[in-house]
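Next come the chains, spelled out residue by residue.
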Amino acid sequence: NAGVMQNPRHLVRRRGQEARLRCSPMKGHSHVYWYRQLPEEGLKFMVYLQKENIIDESGMPKERFSAEFPKEGPSILRIQQVVRGDSAAYFCASSPTTSGRAEQFFGPGTRLTVL
Amino acid sequence: DQQVKQNSPSLSVQEGRISILNCDYTNSMFDYFLWYKKYPAEGPTFLISISSIKDKNEDGRFTVFLNKSAKHLSLHIVPSQPGDSAVYFCAASDRQGGSEKLVFGKGMKLTVNP
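All values reported here derive from a predicted model rather than from experimental measurement. (Residues numbered from 1 in each chain as written. Chains lettered and ligands numbered in written order. Predicted model: local features only at pLDDT ≥ 70, side-chain atom pairs only at ≥ 80, totals over all residues. Heavy atoms only, no water.)

**Student:** What exactly am I supposed to notice about the overall build of chain B here?
**Tutor:** Scanning chain B from N- to C-terminus turns up zero helices and 11 strands. Along its sequence from the N terminus, chain B presents helices and strands in the succession β-β-β-β-β-β-β-β-β-β-β. Relative to the globule expectation of 13 Å for 114 residues, the C-alpha radius of gyration of chain B, 14 Å, shows essentially globular dimensions. Taking the principal axes of its C-alpha atoms as reference, chain B extends roughly 45 × 30 × 20 Å. Within chain B, the proportion of its 114 residues that are buried is 47%. Considering only residue pairs separated by 6 or more positions, chain B has 54% of its internal contacts joining residues 24 or more positions apart. Here chain B displays about 5,400 Å² of accessible surface, and carbon together with sulfur accounts for 48% of that area. Each charge class in chain B was averaged separately, 13 positive and 11 negative side chains, and the resulting centres sit 3 Å apart. (Helix = DSSP H or I, 4+ residues; strand = E, 2+ residues; numbered from the N terminus. Rg over C-alpha atoms; globule rule 2.2 N^0.38 Å. Buried < 20%, exposed > 50% of the residue type's maximum accessible area, 1.4 Å probe, protein only. Contact = heavy atoms within 4.5 Å. Areas by Shrake-Rupley, 256 points an atom, 1.4 Å probe, with all protein chains shown as cover. Lys, Arg positive; Asp, Glu negative; His and termini not counted. Charge placed at Lys NZ, Arg CZ, Asp CG, Glu CD.)

**Student:** I keep staring at the sheet that holds strand β8 (residues 72-77) of chain B and nothing clicks. Help me out?
**Tutor:** The strands that make up a sheet are held in pairs by hydrogen bonds between backbone atoms, and each pair lies either parallel or antiparallel. Residue and element names in this part refer to chain B. One open sheet holds the five strands; their spatial order is β1-β3-β8-β7-β6, and the pairing between them is antiparallel. Because the sheet does not close on itself, it has two edges, and the strands there are β1 (4-5) and β6 (56-59). Sheet topology places strand β3 (residues 19-25) next to β8; six bridges connect them, and they run antiparallel. Bridge assignment links Ser19 to a residue of β8, and that residue is Ile77. (Pairing = 2+ DSSP bridges.)

**Student:** In this structure, what is going on with the state of the cysteines? I would like to understand it.
**Tutor:** Simply put, the disulfide is a covalent bond whose two ends are the sulfur atoms of two cysteines. Residue and element names in this part refer to chain A. Under the criterion given, the structure shown has two disulfides over all chains. Through a disulfide, Cys23 is tied to Cys92; the S-S separation comes to 1.7 Å. Taking the sign of the S-S torsion, about -55 degrees here, the bridge from Cys23 to Cys92 comes out left-handed. Of this pair, Cys23 sits in strand β3 (residues 19-24) while Cys92 sits in strand β9 (residues 88-95), and the two are 69 residues apart along the sequence. For Cys92, a relative accessible area of 0% gives the class buried. (Disulfide = S-S within 2.5 Å.)

**Student:** What am I meant to see in the sheet that holds strand β1 (residues 5-7) of chain A here?
**Tutor:** All names here are of chain A. Taken in spatial order, the four strands line up as β1-β3-β8-β7 in an open sheet, and their pairing is antiparallel. Strands at the two margins of the open sheet, each flanked by one partner only, are β1 and β7 (65-68). Neighbour-to-neighbour, the strand axes of the sheet open up by a mean angle of 15 degrees, direction not taken into account. Pairing of β1 with β3, which is carried by three bridges, proceeds in the antiparallel orientation. By the bridge assignment, Asn7 is partnered in β3 with Arg22. (Axes fitted to C-alpha atoms, helices over the stretch in contact; angles between N-to-C directions.)

**Student:** Mind showing me how you'd approach the nonpolar core here?
**Tutor:** A general tendency of soluble globular proteins is for nonpolar side chains to be buried together. Residues and elements named next belong to chain B. Counting 25 residues, the largest nonpolar core has Phe33, Trp35, Leu73, Leu75 and Tyr88 as its most contacted members. Looking at this core, the elements that each hand over two or more residues are β3, β4 (32-38), β5 (45-51), β7 (62-67), β8, β9 (86-94) and β11 (108-113). It is β9 that provides the largest number of residues to this core, a total of four residues. Those residues within four positions of Tyr88 in sequence are excluded, and the remaining contacts are Gln6, Leu21, Trp35, Tyr36, Lys37, Leu47, Leu75, Ile77, Gly107, Met108 and Leu110. (Core = buried A, V, L, I, M, F, W, Y, C linked by side-chain atoms within 4.5 Å.)

**Student:** Explain the side chain of Thr110 of chain A here, please?
**Tutor:** If you trace the backbone, Thr110 of chain A turns up in strand β11 (residues 110-114). Here the side chain of Thr110 of chain A touches Pro8 of chain A through a polar contact of 2.6 Å, landing on its backbone oxygen. (Polar contact = N/O pair within 3.5 Å; in protein donor to acceptor, adjacent residues only side chain to side chain.)

Keep in mind these values describe shape, not function.
Here it is, written out as C-alpha cells:
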C-alpha cells in the first residue's frame, strides 16, 4: 500500500532552466496539495488540485509557477526560468475525496537546488 | 502575518518525562487542528488532530488539548521516548471558500535525551 510518491527526490537546476516536480497521490485519493518549505520555515501552501481542476492556487507565485493534475498520470508542479530563491523543499500531499478530519498525507519531498 | 505560531523553536526533555508542545493561532474560522512530526529529509507524518468543537483528543501517548477562547492548543507526549526526537509542526485547516489548505507553524525541534 504505497504512500504518496514524489520524484525526483533531489533536483539541481541552473538559473533560467525549468524544473518539473512529480507527485503520485495515495491510492484512492483524488485531492492533491503542493507545499513549499524554505530553510528554517514551516510549510507554505501553494496549490490545491482535484483531477483536471485547480481548486485553490492562492499560494502560487503569479509568474513562472504552474500546476496540473491530469485525468491520467501524476500531478506536476512546473517552475519555469528558476531563480536561486526557488531553492527549497517541495512537498506534495493527498487526501481522500472527503477528509472529514482534514488529514493530508505527505510525500517525502523534492529538494530543489538552483545554482 | 503568521496565523499559526509556534513560539518556542526547541525543547529538550528527559526520556520518560512529559513533553508539552504549544501552538497559538489567530483565525477563529479554522475547523481542525493537526500535529505533524518530521524527520530530516522526510515528509511530515500525521500524528493526531482535533476538531474545533472538541477540547481534547487522545491517541496512545499523544494528547492534544484545545482552548478556543485562548486560541491555543498543545500536544502532550507522555512518556517521551528518544524516538520522539524530531521537528513537530502545528497546522490548522482552512476550508473557507472551498479550499482545504493547511496553515503551518514554523515548527519546534524536540530532543528527548536517554
